[in-house]
Amino acid sequence: MRERCKSLTGIAIISYLLLVSHTAFSTELVVGFGLSRPPYVDERSGSGISVELFKQAAEPLGWQYKTLFVSIKRMQRLLERGDIDVAVEMSRAQPGLYYSVPFISYSNYAIHSRDPGFTLTSMQELARHSICAWQNASEHLELTEIVAGKEDYLEYSKQREQVIEWLNGKCDVILIDDTLLRWHLSELNQSSSVHINNQWGKVLLPFENNPLWFYVAFTDKQLRDEFNTSLKQLVQTGHYQKIREHWATTKKNE
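Source: prediction; values computed, not measured.

Along helix α2 (residues 49–58), 9 of the 10 residues are buried, which leaves the element largely enclosed by surrounding structure. Considered for burial, the residues of α2 that qualify are Ile49, Ser50, Val51, Glu52, Leu53, Phe54, Gln56, Ala57 and Ala58.

Here it is, written out as structure tokens:
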């Protein structure tokens, strides 16, 4: 009788813990995305490659969540404070968080607006040029020492502004993913206020982590583990690649 009571008590405890766990994760999560990186993330439409990939991975898990579009630096602070539960497209630089398997990659190039014969054999050679980069590029590309004190090295939280500044001659070289650049040029080509220069040198950055992978960061390990399982399934079925290809070509074909 005593053993039976212990067994029933154990079952009750396990059932309670499972109920608590389910209740905790059935509440609405807050998921952070960066700003101004269409076709990966477009806060204007609330869509994009990364937004759709996260949605498709989260859907089988039954997660309820609301999205928040903020700058990368603000998203980092919100995650550190626990004001959001998940941050999409993060480097693995912040300790104390739980990171997914590789989520999305960017192929980053150095593109020179004035010299079609532009070449680059090392990252150190970037120091000779004025540069427009994305926010936190110095961290992502380990450029901190190379650009230290460099007044003509600029980072932009909004990549549309980064592209416009480069087109307007603010810098010689733009560091950017080629899919992002094509997207913005397609949009800006419809504006008479911006001159599109189609003569440039394009060099894949000689950086060992190129293409550069980003991850989904979680404040909770169990959420991370569940997401990893679903994301791997998305990749294995081929649906991951279909989403990437669809969103990368949508603007071009409109």
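Next up on the list: empty space enclosed by the protein. Within this structure, the stated rule accounts for 1 cavity of 30 Å³ or more. Taken as a whole, the largest cavity spans an internal volume of roughly 190 Å³. Lining the largest cavity are 18 residues, with Arg37, Ile72, Trp134, Gln135 and Gln159 sitting closest to its centre. Here the lining of the largest cavity is composed, by residue class, of 8 nonpolar, 7 polar and 3 charged.

Of note, the bond from Pro38 into Pro39 is cis; its omega dihedral lies within 30 degrees of zero at 10°. Here Pro39 shows up in the loop between β1 (29–33) and α2. The residue after Asn210, namely Pro211, is reached through a cis peptide bond having omega 10°. Among the structural elements, Pro211 can be located in the loop between β10 (201–204) and β11 (212–218). Phi at Glu89 takes a positive value of approximately 70°, unusual for a residue other than glycine. Its location among the elements puts Glu89 in strand β3 (residues 86–90).

Let us now look at the packing of helix α6 (residues 159–167) against helix α7 (residues 178–188). Close contact between α6 and α7 brings their axes to 10 Å; oriented N to C, the two are set at 75°. By the angle class used here, α6 and α7 are roughly perpendicular. Contact residues: Gln159, Arg160, Val163, Ile164, Trp166 and Leu167 in α6; Leu180, Leu181, His184, Leu185, Glu187 and Leu188 in α7. Among the residues forming the contact of α6 with α7, the class breakdown is 8 nonpolar, 2 polar and 2 charged.

Another aspect to go through is the nonpolar core. By size, the foremost hydrophobic cluster in this structure holds 62 residues, and its most contacted members are Phe54, Leu126, Leu141 and Leu175. Per element, the largest residue contribution to this core is 6 residues, and it comes from α2. Not counting residues within four places of it along the chain, the set of residues in contact with Leu141 comprises Met123, Trp134, Leu175, Leu205, Phe207 and Leu212. Grouped together as the second largest cluster of nonpolar side chains are 13 residues, Val30, Ile72, Leu78 and Tyr215 included.

Within a sheet, each strand pairs with its neighbour through backbone hydrogen bonds, oriented either parallel or antiparallel. Ordered by their spatial adjacency, 5 strands build an open sheet running β8-β7-β9-β6-β10, and the pairing between neighbours is mixed. Of all the strands in the sheet, the pair left with one neighbour each is β8 (153–156) and β10. Averaged over all neighbouring strand pairs, the angle between strand axes comes to 25°, with direction disregarded. Relative to β10, strand β6 (residues 108–112) is paired through 4 bridges, and the arrangement is antiparallel. When the bridges of β10 are listed, Ala110 appears paired with Val203. Sheet strands in contact with α6 are β6, β7 (131–134), β8 and β9 (173–177), and its direction is about 145° off that of β9. Strands in contact with α7 are β6, β9 and β10; relative to β9, the strand with the most contacts, it is inclined by about 105°.

What counts, and at which threshold
- Residues numbered from 1 in each chain as written.
- Predicted model: local features only at pLDDT ≥ 70, side-chain atom pairs only at ≥ 80, totals over all residues.
- Heavy atoms only, no water.
- Buried < 20%, exposed > 50% of the residue type's maximum accessible area, 1.4 Å probe, protein only.
- Helix = DSSP H or I, 4+ residues; strand = E, 2+ residues; numbered from the N terminus.
- 1 Å grid on protein atoms, 1.4 Å probe; cavity = no way out; pocket = protein on both sides within 12 Å on 5 of 7 lines; lining within 4 Å.
- Points joined across faces, edges and corners; volume = space filled by probe spheres on them.
- Nonpolar A, V, L, I, M, F, W, Y, C, P; charged D, E, K, R; others polar.
- Axes fitted to C-alpha atoms, helices over the stretch in contact; angles between N-to-C directions.
- Parallel < 35°, antiparallel > 145°, perpendicular 65-115°, else oblique.
- Contact = heavy atoms within 4.5 Å.
- Core = buried A, V, L, I, M, F, W, Y, C linked by side-chain atoms within 4.5 Å.
- Pairing = 2+ DSSP bridges.

The analysis is restricted to geometry; functional conclusions fall outside its scope.
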